[in-house]
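Examination of the molecular architecture
One letter stands for each residue in the lines below.
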Amino acid sequence: MNIESILFVAASIMAVVMGIAAVFVRQKAAKRPLTMAKVVIPPVMMSTGALMYVFPYFRLTPFEIMEATVMGLLFSIVLVMTTRYEEKGGALYVKQSRMFPVILVVLLVLRIILKTVLSMSISPGEIGGMFFLLAFVMIVIWRLSMFIHLQAFKKQQINEVSPRS
């Protein structure tokens, strides 16, 4: 077994572990109201991972960038469509979804299958770069949707407090 195979298996195991952790983090986060910081901080913190592209090993071709971006967009649509919100005590909450763990598992399985297929023709560095870009696009679009919902909620609250005459 060569080093790239070992890294592939290790990365797949880590993806599963992180997916399980994400389920628990989302369940805990659903107990607290949605704030601007909770919407903005995750993609901002994740953006630091783009420093990987400084190294040629992780750089992508324009076609790989397009593929990763389109896949991230498609996956984000699933997240956006399944995210529900509820108002409690004058605050906006992301409703816990029974589908979230299922969606996450499906995305993880798809990720592992795609990695396996792509690893036959693309270097591990490029695959890492593609999956980072896919995840980043997915998270940014999902968080942008949350931002829009939060802004609409705040605007609705302002209109309810001071109705126009």
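Residues numbered from 1 in each chain as written. Predicted model: local features only at pLDDT ≥ 70, side-chain atom pairs only at ≥ 80, totals over all residues. Heavy atoms only, no water.

1. What to know about the overall build of the protein chain
Note the cut-off: Only DSSP runs of H or I reaching four residues or more are called helices, and only runs of E reaching two or more are called strands; each is numbered from the N terminus. Any residue under 20% of the maximum accessible area for its type is buried, any over 50% is exposed, and the rest in between are partly exposed; the area is computed with a 1.4 Å probe on protein chains only. Residues count as neighbours in contact if any of their non-hydrogen atoms are within 4.5 Å of one another. Here the Shrake-Rupley method, with its probe set to 1.4 Å, supplies the accessible areas, and only the displayed protein chains count as covering residues. None of His or the chain ends enter the tally, which takes Lys and Arg as positive and Asp and Glu as negative. Charge positions come from single atoms, namely NZ of Lys, CZ of Arg, CG of Asp or CD of Glu.
Along the protein chain, the regular secondary structure elements total 5 helices and 2 strands. Projecting the C-alpha coordinates of the protein chain onto the three principal axes gives extents of approximately 70 × 30 × 20 Å. For the protein chain, buried positions account for 29% of its 165 residues. Within the protein chain, residue pairs in contact and separated by at least 24 positions form 82% of the contacts whose partners lie at least 6 positions apart. Surface exposure of the protein chain reaches about 10600 Å², of which carbon and sulfur atoms provide 74%. Of the side-chain charges in the protein chain, 16 are positive and 7 negative, and the distance between the mean point of each set is 12 Å.

2. Here we look at the packing of aromatic side chains
Here is the rule: Two rings from Phe, Tyr or Trp (for Trp, the six-membered ring) form a pair when their centres are within 6.5 Å of each other. A pair whose planes differ by under 30 degrees is stacked, one over 60 is edge-to-face, and the rest are tilted.
According to the stated counting rule, one finds 3 aromatic pairs in the structure shown. Between Tyr-53 and Phe-132, the ring centres sit 6.1 Å apart and the planes meet at 65°, which makes this aromatic pair edge-to-face. Here Tyr-53 is found in the loop between helix 2 (36–47) and helix 3 (62–82), whereas its partner Phe-132 is found in helix 5 (residues 124–161), with 79 residues between them in sequence. Overall, the relative accessible area of 13% leaves Phe-132 in the buried class. Ring geometry for Tyr-57 against Phe-58: centres 5.2 Å apart, planes inclined by 85°, an arrangement best described as edge-to-face. Of the residues examined, Tyr-57 reaches a relative accessible area of 43% and is grouped as partly exposed. What makes Phe-58 partly exposed here is its relative accessible area of 25%. Here a set of aromatic residues connected by ring pairs shows up, and it is made of Tyr-53, Phe-132 and Phe-136.

3. Remarks on the environment of Met-71
Looking at where Met-71 falls in the secondary structure, it is placed in helix 3. C-alpha of Met-71 to C-alpha of Phe-131: the two residues are 60 residues apart in sequence and 9.4 Å apart in space. Apart from the residues within four sequence positions on either side, Met-71 is in contact with Leu-114 and Leu-134.

4. Some remarks on the UniProt feature "transmembrane region" (unreviewed entry) in the protein chain
Going by this rule: UniProt positions are given in the numbering used here, feature names are shortened, and annotations may be inferred rather than shown by experiment.
Look at the UniProt record and you will see "transmembrane region" (unreviewed entry) annotated at residues 6–25, 37–55, 61–81, 102–122 and 128–148. What you have in residues 6–25 is 100% helix and 0% strand, and the ends, taken at the C-alpha atoms, are 28 Å apart. Taken end to end, residues 61–81 comprises 95% helix and 0% strand; its first and last C-alpha atoms sit 30 Å apart.

5. Here's the deal with helix 4 (residues 99–118)
How we decide: One less than the residue count of a helix, multiplied by 1.5 Å, gives the span that helix is expected to have. Summarising the geometry, the arc corresponds to the directions from the helix axis toward the C-beta atoms.
For helix 4, spanning 20 residues, the distance from its first C-alpha to its last is 28 Å, which sits close to the expected 28 Å at 1.5 Å a residue. Buried residues of helix 4: Phe-100, Ile-103, Leu-104, Leu-107, Leu-108 and Lys-115, and no others. The buried residues of helix 4 all sit within an arc of 135° when viewed along its axis, so they share a single face. In this structure, the buried side of helix 4 is in contact with helix 1 (3–29), helix 3 and helix 5.

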